[in-house]
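Each chain, written out:
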Amino acid sequence: MTRFSANLGFLWSDCGLPDAIRAAAAAGFDAVECHWPYDVPPEDMRAALAETGLPMLGLNTRRGKIGENGLSAVPGRHSEATAAIDEALGYAEAIGAGAVHVMAGHADGAAAHATFVSALRYACTAAKGRMILIEPLNHYDAPGYFLTTTGQARAIIEEVGAPNLKLMFDCYHVQLMEGDVTHRLQALLPVIGHIQMAGVPDRGPPDTGELNYPHIWQVLARLGWTRPVGAEYNAGNDTDATLGWMNGGGGRHRTRERDAR
Ligand SMILES: O=C(O)[C@@H](O)C(=O)CO
Ligand SMILES: [Mg+2]
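Predicted model only: the values in this text are computed from it and were never measured.

(A) Layout of the overall build of the chain. Assigned secondary structure in the chain consists of 10 helices and eight strands. In terms of overall size, the chain behaves like a compact globule, its C-alpha atoms giving a radius of gyration of 18 Å where 261 residues would be expected to give roughly 18 Å. Its C-alpha atoms give the chain principal-axis dimensions of about 60 × 40 × 30 Å. Here the chain holds 261 residues, and the buried ones make up 48% of them. Long-range contacts, defined as pairs at least 24 residues apart, comprise 76% of the intrachain contacts of the chain with a sequence gap of at least 6.

(B) Quick look at the site of ligand 1. All residues adjacent to ligand 1 are His35, Asn60, His101, Glu135, Leu137, Asp170, His173, Gln196 and Glu232. Looking at the shell around ligand 1, its residues break down into one nonpolar, five polar and three charged.

(C) Main features of the nonpolar core. Counting residues in hydrophobic clusters, the biggest one holds 84 residues, and the most contacted among them are Ala24, Val32, Val100 and Ile132. Setting aside chain neighbours within four positions, we find alanine 24 in contact with Ala6, Leu8, Leu11, Trp12, Phe29, Val32 and Leu54.

(D) Highlighting the sheet that holds strand E7 (residues 192–197). One open sheet accounts for eight strands, arranged E2-E1-E8-E7-E6-E5-E4-E3; its pairing is parallel. Unpaired on one side and paired on the other, strand E2 (31–33) and strand E3 (58–60) mark the two borders of the sheet. Ignoring which end each strand starts from, the neighbouring axes of this sheet average 30° apart. Of the pairings in the sheet, the one linking strand E1 (residues 4–7) to strand E8 (residues 229–231) comprises three bridges and is parallel in character. Note on E8: the bridge partner recorded for phenylalanine 4 is valine 229. Each of strand E5 (131–134) and strand E6 (165–170) is contacted by helix H5 (residues 150–160), which is oriented at about 170° to E6, the strand it contacts most.

(E) Focus on the UniProt feature "domain: Xylose isomerase-like TIM barrel" (unreviewed entry) in the chain. In this structure's numbering, the residues bearing the UniProt feature "domain: Xylose isomerase-like TIM barrel" (unreviewed entry) are residues 21–246. Spanning residues 21–246, this segment combines 40% helix with 12% strand, and its end C-alpha atoms are found 17 Å apart.

(F) The arrangement of the packing of helix H4 (residues 110–126) against H5 in detail. Direction vectors running N to C along H4 and H5 enclose 60°, while the axes themselves pass 10 Å from each other. The angle between H4 and H5 falls in the class oblique. Classified by chirality, the crossing of H5 by H4 is right-handed. Contacts from Phe116, Val117, Leu120, Arg121 and Cys124 of H4 reach H5 at Ile156, Glu159 and Val160. Considered class by class, the residues forming the contact of H4 with H5 number six nonpolar, no polar and two charged.

(G) Main features of helix H3 (residues 78–95). Between its first and last C-alpha atoms H3 spans 26 Å; for 18 residues at 1.5 Å apiece the expected length is 26 Å, and the two agree. Listed as buried for H3 are Ala81, Ala84, Ile85, Ala88, Leu89, Tyr91 and Ala92. Down the axis of H3, the buried side of the element spans an arc of 165°, and every buried residue falls inside it. Turned more than 90 degrees away from the buried face of H3, the exposed residues are Ser79 and Gly90. Along its buried surface, H3 packs onto helix H2 (42–52), E3, strand E4 (99–101) and H4.

(H) Quick peek at the confidence of the model for the chain. When pLDDT is averaged along the chain, the result is 95, and 95% of the positions lie at 70 or above. In this model residues 254–261 is a low-confidence stretch, pLDDT under 50, and it forms two contacts with partners more than four residues away in sequence or in other chains. Predicted complex, confidence summary: ipTM 0.98, pTM 0.95.

(I) Spatial organisation of unusual backbone geometry. Cis rather than trans, the peptide bond between valine 200 and proline 201 has omega equal to 10°. Within the secondary structure, proline 201 is located in the loop between E7 and helix H8 (213–223). At tryptophan 12, a position not held by glycine, the phi torsion is positive, near 50°. Structurally, tryptophan 12 is set in the loop between E1 and helix H1 (17–26). A positive phi angle, close to 55°, is found at aspartate 180, a residue other than glycine. Tracing the backbone shows aspartate 180 in the loop between helix H6 (171–177) and helix H7 (181–188). Given 12 C-beta atoms within a 10 Å radius, aspartate 180 is considered exposed.

(J) Geometry of the pairing of E5. Neither face of E5 is exposed, since Met131 and Leu133 on one face and Ile132 and Ile134 on the opposite face are all buried. Across three bridges, E4 lies against E5 in parallel orientation. Within E5, the residue paired with valine 100 across the bridge is isoleucine 132. Judged from the three bridges that link them, E5 and E6 form a sheet pairing that is parallel. Each bridged residue has a counterpart across the sheet, and for isoleucine 134 the counterpart in E6 is leucine 167. Note that the unit made of E5, H5 and E6 has a crossover that is right-handed.

Calculation criteria
Residues numbered from 1 in each chain as written. Chains lettered and ligands numbered in written order. Predicted model: local features only at pLDDT ≥ 70, side-chain atom pairs only at ≥ 80, totals over all residues. Helix = DSSP H or I, 4+ residues; strand = E, 2+ residues; numbered from the N terminus. Rg over C-alpha atoms; globule rule 2.2 N^0.38 Å. Buried ≥ 20, exposed ≤ 12 C-beta atoms within 10 Å, placed from the backbone. Contact = placed C-beta atoms within 7 Å. Near = placed C-beta within 6 Å. Nonpolar A, V, L, I, M, F, W, Y, C, P; charged D, E, K, R; others polar. Core = buried A, V, L, I, M, F, W, Y, C linked by C-beta atoms within 7 Å. Pairing = 2+ DSSP bridges. Axes fitted to C-alpha atoms, helices over the stretch in contact; angles between N-to-C directions. UniProt positions renumbered as here; feature names shortened; annotations may be inferred. Parallel < 35°, antiparallel > 145°, perpendicular 65-115°, else oblique. Left-handed = near helix turned anticlockwise from the far one by under 90°. Expected span 1.5 Å × (residues − 1). Arc of directions from axis to C-beta. pLDDT = per-residue confidence, 0-100. Right-handed = clockwise from strand over helix to strand, strands pointing away.

Put into structure tokens, the structure is as follows:
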């Protein structure tokens, strides 16, 4: 049975994060993950996580100024990037989150590559065993983002050479940039730390669009993947109404009728 994590940057994004954690638990998710929780006191997050028993899988480094998408590959922004990594690791430790996604930012070329490698070496050491993730983003949603393909990510992971540096394989971005999702999951499995999903190309629920997620969940089961898969899609202002796909994955989603009993 596939297990699912609710990405609270997208699901129940109209609630505060602690209430979004509670909503995810009520809907039957096995875990949660978030993007930028920094405005919420860690003790409020800890309380909601303890109350629901859900693990927080991960969070992101800050994006930087408006229009930026992280700083870790941006030459000349080293001290801000390092501060963002320290902040994310500190927050992750405070709430018991398992991973930090280090966001690269808008940059390209050899200097950006060297800057990113150096920032990731710093993050992997500072993480003291916590997982560090990097995620290729598609060029429609994130034009100019440094990290765009799984091949580029794998080369960086190999160059950094830290056991706690892993790939965040977001099926939505991978399908838009490269396709061949099944073969890529299989080939990249040893370096994958987390998997996310959304309908393609509209980033709707996983039961919409061109990717057949029930097939992908079967592939993951065959590959021995047992960690929760992150649901990171636009859910509009009624997340509960979009959760029919969870039953297709054998999830524990409780229908509204059952909730009402
Ligand atoms: O896919 C995404 O957009 C997210 O996983 C993320 O962390 C960057 O916004
Ligand atoms: Mg993603």
